[in-house]
Amino acid sequence: MSSAPLLIDNVDVQSRSTALKDRILPSLLSAALGLILLYGAGFSETIQLHNAAHDGRHSASFPCH
């Protein structure tokens, strides 16, 4: 009798775990990609790319100096 609630609890934990993975993993990957793009553009040797990132920071009212 006590094994049925455990089975239901296990399924519930698995569905929560899967839902959490489905939300957190894409969020972390997109944040990492955003940081890579931001720092890649900010420290770029190509002056046009650096200036575009610089102007983007100023238009977002983000101080960079």
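Parameters at a glance
Residues numbered from 1 in each chain as written. Predicted model: local features only at pLDDT ≥ 70, side-chain atom pairs only at ≥ 80, totals over all residues. Heavy atoms only, no water. Helix = DSSP H or I, 4+ residues; strand = E, 2+ residues; numbered from the N terminus. Buried < 20%, exposed > 50% of the residue type's maximum accessible area, 1.4 Å probe, protein only. Areas by Shrake-Rupley, 256 points an atom, 1.4 Å probe, with all protein chains shown as cover. Patch = residues over 30% accessible without salt bridge, like charges linked within 9 Å, V, L, I, M, F, W, Y side chains within 5 Å. Salt bridge = Lys/Arg side-chain N within 4 Å of Asp/Glu carboxyl O. Expected span 1.5 Å × (residues − 1). Arc of directions from axis to C-beta. Contact = heavy atoms within 4.5 Å.

**A closer look at the overall build of the protein**
- Along the backbone of the protein there are two helices and zero strands.
- Expressed as a percentage of its 65 residues, the buried residues of the protein come to 9%.
- For the protein, the accessible surface area stands at approximately 5700 Å², while carbon and sulfur atoms represent 68% of it.

**Structural notes on a nonpolar patch on the surface**
- Together, Leu 35, Leu 38, Tyr 39 and Phe 43 make up an exposed nonpolar region whose accessible area comes to about 460 Å².
- With respect to the secondary-structure elements, Tyr 39 resides in helix H1 (residues 3-42).
- Of the residues examined, Tyr 39 reaches a relative accessible area of 49% and is grouped as partly exposed.

**So, helix H2 (residues 47-59)**
- The terminal C-alpha atoms of H2 lie 18 Å apart, and with 13 residues this matches the ideal 18 Å at 1.5 Å per residue to within 8%.
- Of all the residues in H2, the buried ones are Ala 53, His 54 and Arg 57. Buried residues along H2 cover an arc of 100° about the axis, so they all sit on one side. When the buried face of H2 is taken as reference, the exposed residues oriented beyond 90 degrees from it are Gln 48 and Ser 59.
- Just beyond H2, the residue with positive phi is Ser 61, at close to 60°.

**Describing the environment of Ser 44**
- Relative to the helices and strands, Ser 44 is located in the loop between H1 and H2.
- The buried category is assigned to Ser 44, whose relative accessible area is 19%.
- Among all residues touching Ser 44, those that are not within four sequence positions of it are Leu 49 and His 50.

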